[in-house]
Every structure is written in structure tokens, then in C-alpha cells.
Amino acid sequence: GAVVSQHPSWVICKSGTSVKIECRSLDFQATTMFWYRQFPKQSLMLMATSNEGSKATYEQGVEKDKFLINHASLTLSTLTVTSAHPEDSSFYICSASRPDRETQYFGPGTRLLVL
Amino acid sequence: GESVGLHLPTLSVQEGDNSIINCAYSNSASDYFIWYKQESGKGPQFIIDIRSNMDKRQGQRVTVLLNKTVKHLSLQIAATQPGDSAVYFCAETEPTDSWGKLQFGAGTQVVVTP
């Protein structure tokens, strides 16, 4: 149990376009989902926390208008990178936690390359 | 495991030997700790967790030790195998965070040599 999927697994886009990444909990209802960003050889950096039906809470320094998060159901959260630029190229990873809010289960990640 | 900038500390282990990966944490209020394994190009995978009311927990081939006095966490892997090659992260959370946000350590790269 506790499987989290992400789609797409990788995406290449032109500068100025928007990209949507989906995160789904496949076999459990996720009270909370988290979005992380990871650069090569570095740790995970939390971008935002989202709870179903409410607005996401963004970490300091993360632009909420740039990274739009929607958590429409207990099994789906989406991250939209708006007007993507080359510096947005990164590995984006989501995680989901059960109602006990303890262990987070991670998705396989989405590699974004902005040309 | 601690690192500066882009240089992940690396632990080189011979196949069959035991590995010990260390992690120092700073928040004395943290009460729940998790070790994750991340293979190249993949998301982190849960390995084992431990609560602050314990000092040791064992899983299959892995043991986590917690020393709250010096705020130190370690992961021991017995009989290390090539498939154990990955980056290992410790993560912590504290009870006052109602959403269970994790704070990740810098990570340690484990390289298993034949």
C-alpha cells in the first residue's frame, strides 16, 4: 500500500509555456500533499503544503503565482509551473500523507526541462 | 550526513560489509524521524522510522539508532548489497507542525563496490 504516482515523468517545454504536473495517491486517501523541488546533488526543498479543499501554504521564497497548486480531491493534487523559464528546470517530487499525518510517501518525481 | 553546496558526502562500502550512515539534526523538539533512500532519477523511498521515545528500531537488514542527547541519528545497513547504492536522507518532524512537514538532511551518497 501507500503508492503515489506522478504524471508526466518528464517534460520538455519552451520558455514561457505552462506545465502541469499531477500527483495521485493510488491506494489511500491523502489528507495532505506536499510539493518538493530538487536540484542535482542536493536535498529536497519543500515548496508548498496542500490540503484537500483549501489553499496551499507556500514556503518562504516560493512564488505562489508562479507555482499554482490545486488539491481538488483526497487523491489528486496538481502543480502548474506558469510561464516556465530555464531556471525552473528541476526535479519536482510530490508526497502524500495519510490522516495520521506522519509518514510521507513520495511519488517517482517529474523532471522538467525548460528550453 | 552533512554537506556544503553541491558536494554530497560519499560513503564507499564494499559489498557484504555493514554501512553506517549518520545524520545530525538541530531541532530538539523533533519527535519523529524517518530514513529515506533515493535512487538516481527516482523519488525517495521510505526505509524505516523511529519515534523519540525509542533509541533503536530494527527492520529487515536495517537498524536506526537515535541519540537525543546529542541529536544524532544513524542508519545501519547489514551486509550491504549493490542495490543499496543510492542517496540516503534523514528527515525529522515535530509535533507542533499540524501538517507533518518534514525537514530533510543534506543526504549521503552510498556507493557499494564489488
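Placed above this text is the structure.
Every value quoted in this text rests on a predicted model; they were computed, and no experiment measured them.

### Focus: the nonpolar core
For step 1, the next point in the chain: In terms of nonpolar packing, the biggest core is built from 25 residues, with Trp35, Phe67, Leu79, Tyr92 and Leu112 of chain A touching the most fellow members.
For step 2, the next point in the chain: Counting only elements with at least two residues in this core, the list comes to strand S2 (10-13), strand S3 (19-25), strand S4 (32-38), strand S5 (44-51), strand S7 (67-73), strand S8 (76-81), strand S9 (90-97) and strand S11 (110-114) of chain A.
For step 3, the next point in the chain: Apart from the residues within four sequence positions on either side, phenylalanine 67 of chain A is in contact with Arg37, Met47, Tyr58, Val62, Leu79, Thr80, Val81, Asp88 and Tyr92 of chain A.
For step 4, the next point in the chain: By size, the runner-up hydrophobic cluster in this structure holds 19 residues, among which are Val62, Val64, Ala86 and Tyr88 of chain B.

### Here we look at the pattern of salt bridges
For step 1, the next point in the chain: For the structure on display, the rule yields five salt bridges over all chains.
For step 2, the next point in the chain: With a closest N to O distance of 3.5 Å, glutamate 22 of chain A and arginine 24 of chain A form a salt bridge.
For step 3, the next point in the chain: A salt bridge links arginine 57 of chain B to aspartate 49 of chain B; the shortest N-O distance between them is 2.2 Å.
For step 4, the next point in the chain: Since its relative accessible area comes to 35%, arginine 57 of chain B is described here as partly exposed.
For step 5, the next point in the chain: With relative accessibility at 13%, the residue aspartate 49 of chain B sits in the buried group.

### With respect to the packing of aromatic side chains
For step 1, the next point in the chain: In total, this model carries 10 aromatic pairs over all chains according to the counting rule given.
For step 2, the next point in the chain: Geometrically, the ring pair formed by phenylalanine 89 of chain B and phenylalanine 104 of chain B is edge-to-face, given 6.2 Å between the ring centres and 85° between the ring planes. With a gap of 15 residues between them, phenylalanine 89 of chain B in strand S8 (residues 86-93) and phenylalanine 104 of chain B in strand S9 (residues 103-104) connect regions that are remote in the sequence. Accessibility assignment for this pair places phenylalanine 89 of chain B and phenylalanine 104 of chain B in one class, buried.
For step 3, the next point in the chain: Counting every residue linked through ring pairs, the aromatic cluster contains Tyr36 and Phe106 of chain A together with Tyr36, Phe46, Phe89 and Phe104 of chain B.

### Overview of the interface of chain A and chain B
The extent of an interface is frequently quoted as the accessible surface area lost upon association of the parts.
For step 1, the next point in the chain: Taken together, the contact between chain A and chain B spans 24 residues of the former and 24 residues of the latter.
For step 2, the next point in the chain: When chain A packs against chain B, close to 1900 Å² is buried across both sides, 54% of that on carbon and sulfur atoms.
For step 3, the next point in the chain: Inspection of the region where chain A meets chain B yields one salt bridge.
For step 4, the next point in the chain: Across the salt bridge formed by lysine 101 of chain B and glutamate 59 of chain A, the nearest N and O atoms sit 3.0 Å from each other.
For step 5, the next point in the chain: Applying the counting rule to chain A against chain B returns six residue pairs in polar contact (both at pLDDT 80 or more).
For step 6, the next point in the chain: If you list the elements that add at least two residues to the side of chain A that touches chain B, you get S4, S5, S9 and strand S10 (104-106) of chain A.
For step 7, the next point in the chain: Of the residues belonging to the side of chain A that touches chain B, the class tally is nine nonpolar, 10 polar and five charged.

### Re the sheet that holds S8 of chain A
Residue and element names in this part refer to chain A.
For step 1, the next point in the chain: Reading across the sheet, the four strands line up as S1-S3-S8-S7 and stay open at both edges, with antiparallel pairing between neighbours. Edge strands, defined here as strands with exactly one partner in the open sheet, are strand S1 (4-7) and S7. Direction aside, neighbouring strands of the sheet carry axes that sit 15° apart on average.
For step 2, the next point in the chain: Note that S7 and S8 share five bridges and pair antiparallel. Each bridged residue has a counterpart across the sheet, and for isoleucine 69 the counterpart in S8 is leucine 79.

### What about the side chain of lysine 66 of chain A?
Residues and elements named next belong to chain A.
For step 1, the next point in the chain: With respect to the element layout, lysine 66 can be found in the loop between strand S6 (57-58) and S7.
For step 2, the next point in the chain: Residue classification places lysine 66 among the buried residues on the basis of a relative accessible area of 12%.
For step 3, the next point in the chain: Here aspartate 88 takes part through its side chain, which lies 2.7 Å from a polar atom of the side chain of lysine 66.
For step 4, the next point in the chain: Excluding residues within four positions of it along the chain, lysine 66 makes contact with Thr80, Val81, Thr82, Ser83, Ala84, His85 and Asp88.

### A short note on the state of the cysteines
Residues and elements named next belong to chain A.
For step 1, the next point in the chain: With the rule as written, the count across this model stands at two disulfides over all chains.
For step 2, the next point in the chain: Here cysteine 23 is linked by a disulfide to cysteine 94, with a sulfur-sulfur distance of 2.0 Å. Between cysteine 23 and cysteine 94 the disulfide shows an S-S torsion of about 80°. By sign, it is right-handed. Linking cysteine 23 in strand S3 with cysteine 94 in strand S9, this pair joins segments that are 71 residues apart in sequence.

Calculation rules
Residues numbered from 1 in each chain as written. Chains lettered and ligands numbered in written order. Predicted model: local features only at pLDDT ≥ 70, side-chain atom pairs only at ≥ 80, totals over all residues. Heavy atoms only, no water. Core = buried A, V, L, I, M, F, W, Y, C linked by side-chain atoms within 4.5 Å. Buried < 20%, exposed > 50% of the residue type's maximum accessible area, 1.4 Å probe, protein only. Helix = DSSP H or I, 4+ residues; strand = E, 2+ residues; numbered from the N terminus. Contact = heavy atoms within 4.5 Å. Salt bridge = Lys/Arg side-chain N within 4 Å of Asp/Glu carboxyl O. Phe/Tyr/Trp six-rings, centres within 6.5 Å; stacked < 30°, edge-to-face > 60°. Buried area = accessible area lost by both parts, 1.4 Å probe. Polar contact = N/O pair within 3.5 Å; in protein donor to acceptor, adjacent residues only side chain to side chain. Nonpolar A, V, L, I, M, F, W, Y, C, P; charged D, E, K, R; others polar. Pairing = 2+ DSSP bridges. Axes fitted to C-alpha atoms, helices over the stretch in contact; angles between N-to-C directions. Disulfide = S-S within 2.5 Å.

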